[in-house]
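Coordinates in review
As a plain string of letters, each chain reads:
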Amino acid sequence: MPDSAPSRRPPADGGPVPLPSPLPGGDPVLAARFAAPPVPRTFVRRERLGERLSEGLQRPLLLVNGPAGAGKTLLVADWAATAQLPGPVVWLTLERGDEAPGVFWAQLLAALRHAGVPLPADVAGPARAAEVDTALPDRLAAGLSGRGTPVVLVLDEFEHAGSPAVAEGLDGLLRHAAGGLRTVLISRAEPLLPLHRYRAADAVAEIRGTDLAFTAEETAVLLARHGLALSEAGVHALNRRTEGWAAGLRLCALATEHADDPEACLREFEAGNSTVADFLLAEVLQAQPAETQDLLLRTSVLERTHTGLADALTGRQDAARILEELRHANAFVTPLGHGWYRQHTLFAEILRVHLRARNPGLEQELHRRAAGWLHAAGRLADALPHAAAAGDWEQAAAWLVDDLALGQLLGGLDAARLDALFTRMPEQAEGPAVELVRAALALARWDVDRGLAHLGRAEESAPPGTGSAAARLSGAVLRVLAARLLGSADMAENAAETAAELERAVPEERLRAHPELKALLLAELGSAQLWEGRFDAARAGLTAAAEAADGAAQAAARHESLGRLALIDLLLGSPGRAEAHAVEAIAEAARCGLPPSAHSGVGHLVLAEVAFDRDDLAVARAALERAAAGSGAGRDPLLVVGLAVLRARLLLAAGDARAALLALAAAERPSPADKPSPWARERIALGQCAAHLAAGDPAAALRALTAAGEGPEPAVAAAQAHLAAGDPRAALAALEAVPARGARPAVAVRAQLVRARAVSAAGDPAAAHRLLAQALAAARPDRLRRPFREAGPWVRRRLQERPALAAAHGWLPRDLVAGLPRPDEPAAPAPVVERLSEREHDVLVRVAQMMSTDEIAGDLHLSVNTVKTHLKSINRKLCATRRGEAVRRARQLDLL
């Protein structure tokens, strides 16, 4: 509101001034100060704030405090006009000059009289502007305290009455008026009243700037009142940019309501050339002293301002005082604690435009100073953007490398931001650190050739014996990463040895400050070793990386390492452990808030494999899709092979052998790996063998296995191919390469099933039943249903012959056991005479697998006589006379 009565300002010496008439009479200017301003038609009534105002009236004091243009006055004016209030409303808008006690109390008494509030006869008006009878507030309070209904006194723009004398008198009035007065203070600045005492006594209600900010929904209503229909995204963008500042929203709406494309107009809104800018510059900036304006303009280049940093930018030592004064005055500065402040987003944006116009070239120098101060304060992440904004790319790269923070560019929560920052680095930037950063950017995008080229240039720029140890250590870590992408465990191990030597030359505190670099090295080294099938070494490195300190910076390395540990478990035949590690990997990513783009996908791939072996194809497909959405899909050779093999298995399950072969062909030479992986090559060959068998071509299946090498799985696949070719003897011969122990469960189960089918074809049904029982027992712990389904209808025929085989395997697919004859009903279980020993239980398990006495003795490394002794003891304890009866009783008693 403009200053309407400059002639009434008190002179500097506090001498007499003309006081306002006790009654305004016909003075229209003075009368306007006693009335609430009219509410415009575009005003948005916000019930949440109206309810808080009404609830606040239960206390003597209600404070509405916020920056200029926050909508304070209109909010209270609308509420005073529409709410059911307990008594008459007295409105007084204060102006500059009203901080003189005599002027303030004269205005207040005039407002009360203007509203028709009876005053005590002994309340006389002050005679001088600079002072007032200290008993006046008490006499007025005594008169108000006797009222039946309280007077609701609204003092608008109370920041103009900011003198200790006025605050002291008003405090006395509030404390002594009892229930006869409710006061609403509307102010930009913090009043000088002792608010801490009011808060302690629960005598004040407060509505602050954050409460006054418009929500996105309220913004949409306001825009609609101006005839603007923005998209939801447009509304949110405008609300975010203005931070819900009422005046900013209204001025934006007014500026665009006649535009052909309001949404585009708001999107392209120029902060420095608008009515909003005019408002803020006039109402906030230009109202400040010169040194405050200078500080606001210089610190506008920062997202957050620290008092020390602000001093560094201004070259003075007054930032702490000025920022606190701005906070006190609600001048679009918000305290963040510990000496940090933040400017309103739009205000800072307008100030930056003003800074460029007033001081061309200063902005870059301010960024340079800010970068130096922040880096010296140990805030590298905050310093880098300012160094970049100043054009000091060599400095920014040097800080990233020398601080050993290069790992943050390759993983962790800050990787995307750093990647976006250094991607803007111009070609003119040069130097060893710049080349290392470029190498990291290239390797992060799986571009090994470009990454190695930059590494080479970095080493040429800093030959051996020169350059910092931190730079050489960072280079060695990047070489480990390149080696992993190339699939070279030797190269990775050599680079890791170099890195270990260089670690000793780097200050320990710097290594401790950036543990992500070590975690990254271990994870990449382990991954390279995994690709080449060095599982023991890989497990050691990946376990160390997974157990790295629980920091956000190492989250990506932990997540990736756990996923690869899961894959090792799966390849080595421990689906239960694989599943646990995979679940842990996925949970780690969620716990640390890693973005989807940082998920490796290996954990989901392992879960898909486990689900497939359990014949849960729907779960397998869903997990496969999640794995395919991982960051390495299509680029990480390990994931490329894994996805292709599993897709082929699912295609085969759907009966499409040709599509399965095509899927596998795409993974035979995964880029960028230039060194084949033995286990990956084996899995592809096994998949091709299975596809050829499904297509009815055993010869092609055997040819495909020539690329698989030797091992249990190729042996089982070969046996299946021989069986398909009608040669059970060759099948049994091939299975001799499968060890009796140590094969992964899915392989062991398939081997037993092939043996069973081969001996069945050779005319030995008893042996077939025994081997089928052993396969069921081996599959039971991990519920491996898929091998029984892939074995074909032969399995069901054998189960029909011996339904008791399936009695203890309710986990088998329903369609495989549905309709089987019921085995003889067992007699009621007899009590166990004595608990079975551990060794007797081992013998009983093998009896249940239909193993002979000699086989049990060989399997448990016992003599035949010892096994016979255990069998007699088992029969006695289970009250059985034969082996089959003992097994049935054991199952009835849940001993098996």
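Coordinates for the structure precede this section.
Let me begin by describing the structure that accompanies this report. (Residues numbered from 1 in each chain as written. Predicted model: local features only at pLDDT ≥ 70, side-chain atom pairs only at ≥ 80, totals over all residues. Heavy atoms only, no water.)

**Points about the overall build of the chain**
Filter applied, for reference: Secondary structure elements follow DSSP: runs of H or I no shorter than four residues count as helices, runs of E no shorter than two count as strands, and numbering proceeds from the N terminus. Throughout, radius of gyration means the C-alpha value; the globule benchmark is 2.2 Å times the number of residues raised to the power 0.38. Under the scheme applied here, a residue whose accessible area is under 20% of the maximum for its type counts as buried, over 50% as exposed, and between as partly exposed, the area being computed with a 1.4 Å probe on protein chains only. Pairs of residues are marked as contacts when any of their non-hydrogen atoms sit within 4.5 Å. Residue exposure ignores everything except the shown protein chains as possible cover, and the areas themselves are Shrake-Rupley values with a 1.4 Å probe. We treat Lys and Arg as the positive residues and Asp and Glu as the negative residues; His and chain ends play no part in the count. By convention, the charge on Lys lies at NZ, on Arg at CZ, on Asp at CG and on Glu at CD.
Each helix and strand counted, the chain has 47 helices and 8 strands in total. The C-alpha atoms of the chain give 41 Å as radius of gyration, which overshoots the globular expectation for 896 residues (29 Å, by more than 25%). In terms of its C-alpha atoms, the chain occupies a principal-axis envelope of roughly 125 × 80 × 55 Å. Residue burial in the chain is summarised as follows: out of 896 residues, 52% are buried. Here the analysis covers contacts within the chain between residues at least 6 apart in sequence; of these, 69% occur between residues at least 24 apart. Just so you have it, the chain exposes about 39,000 Å², and 52% of that area is on carbon and sulfur atoms. Side chains of the chain carry 99 positive and 108 negative charges; the gap between the two charge centres is 7 Å.

**Focus on the nonpolar core**
Soluble globular proteins: nonpolar side chains tend toward being buried together. To keep it simple, the criterion reads: Among buried residues, the Ala, Val, Leu, Ile, Met, Phe, Trp, Tyr and Cys ones that are joined through side-chain atoms within 4.5 Å form a nonpolar core.
Within the largest apolar cluster, 86 residues are counted, with the highest numbers of intra-cluster contacts made by Leu384, Leu400, Phe422 and Val437. Counting residues per element, this core draws most heavily on helix H22 (residues 432-444), at 8 residues. What Phe422 contacts, discounting residues up to four positions off in sequence, is Leu384, Trp393, Ala396, Ala397, Leu400, Val437 and Leu441. Membership of the second largest hydrophobic core comes to 47 residues, among which are Leu542, Ala546, Leu565 and Leu570.

**Overview of helix H16 (residues 319-328)**
To keep things clear, this is the line we draw: As used here, the arc is the angular range of directions from the helix axis to the C-beta atoms.
Of the positions making up H16, those classed as buried are Ala319, Ile322, Leu323 and Leu326. On an axial view of H16, the arc spanned by its buried residues comes to 95°, and they lie on one face. Here the buried face of H16 lies against helix H14 (290-299), strand E6 (305-306), helix H15 (307-314), strand E7 (333-337) and strand E8 (340-343). Immediately downstream of H16, the backbone of Asn330 shows phi near 55°, a positive value.

**So, the packing of aromatic side chains**
The description of two aromatic rings rests on the distance between their centres and on the angle between their planes. Basically, it comes down to this: Pairing of aromatic rings covers Phe, Tyr and Trp, the last counted by its six-membered ring, and requires centre-to-centre distances within 6.5 Å; plane angles under 30 degrees mean stacked, over 60 mean edge-to-face, and any other angle means tilted.
A full pass over the atoms with the stated rule returns 6 aromatic pairs. Ring geometry for Phe104 against Trp105: centres 5.2 Å apart, planes inclined by 85°, an arrangement best described as edge-to-face. Classification of Trp105 as buried rests on a relative accessible area of 1%. Ring geometry for Trp340 versus Trp373: centroids 6.4 Å apart, planes at 75°, classification edge-to-face. In this pair, Trp340 sits in strand E8 while Trp373 sits in helix H18 (residues 362-376), placing the two residues 33 residues apart along the sequence. A relative accessible area of 12% means that Trp340 is categorised as buried. Within the aromatic cluster, the residues linked to one another by ring pairs are Phe104, Trp105 and Phe158.

**As for the environment of Ser852**
The residue Ser852 is located in the loop between helix H44 (838-848) and helix H45 (853-860) in this model. Given the relative accessible area of 31%, Ser852 is considered partly exposed. Here the alpha-carbon distance between Ser852 and Arg770, two residues 82 residues apart in the chain, equals 9.2 Å. Apart from the residues within four sequence positions on either side, Ser852 is in contact with Arg770 and Arg883.

**Let's talk about the sheet that holds E8**
For the record, the criterion: Strands qualify as paired when DSSP identifies two bridges or more between them.
Spatially, E6-E8-E7 is the arrangement adopted by the 3 strands of the open sheet, whose pairing is antiparallel. Each having just a single partner strand, E6 and E7 make up the two edges of the open sheet. Here E7 pairs with E8 via 4 bridges, running antiparallel. When the bridges of E8 are listed, Val333 appears paired with Gln343.

**Looking at the sheet that holds strand E3 (residues 151-156)**
How we decide: A fitted line through C-alpha atoms represents every axis, and for helices the fit uses only the stretch in contact; the resulting angles, taken between N-to-C directions, go from 0 to 180 degrees.
The sheet built from 5 strands is open, its strands ordered E2-E3-E4-E1-E5 with parallel pairing. Strands at the two margins of the open sheet, each flanked by one partner only, are strand E2 (89-93) and strand E5 (204-207). Strand-to-strand twist across the sheet, computed as the mean angle between neighbouring axes with direction ignored, equals 15°. Of the pairings in the sheet, the one linking E3 to strand E4 (residues 181-187) comprises 5 bridges and is parallel in character. Along E4, the bridge assignment pairs Leu153 with Thr183. Across the sheet, helix H2 (residues 47-56) touches strand E1 (61-65) and E5, and the angle it forms with E5 is around 165°.

**A closer look at the packing of H14 against helix H17 (residues 345-358)**
Here is the rule: Just so you know how the angles are binned, under 35 degrees is roughly parallel, over 145 roughly antiparallel, 65 to 115 roughly perpendicular, and the rest oblique. The residue classification treats Ala, Val, Leu, Ile, Met, Phe, Trp, Tyr, Cys and Pro as nonpolar and Asp, Glu, Lys and Arg as charged. All others, Gly included, are polar.
With their axes 8 Å apart at the nearest point, H14 and H17 run at an angle of 100° to one another. Classed by the angle they form, the pair H14 and H17 counts as roughly perpendicular. Residue-level inspection shows Gln293, Leu296 and Leu297 of H14 in contact with H17, the latter providing Phe347, Leu351, His354, Leu355 and Arg358. The residue inventory of the contact of H14 with H17, partitioned by class, reads 5 nonpolar, 2 polar and 1 charged.

**Details of the environment of Pro676**
One can find Pro676 in the loop between helix H34 (657-665) and helix H35 (678-694). By relative accessible area, Pro676 is classed as exposed at 53%. Note: C-alpha distance between Pro676 and Leu486 (190 residues apart in sequence) is 9.4 Å. Each residue touching Pro676, except ones within four places of it in the same chain, is listed here: Trp531 and Arg681.

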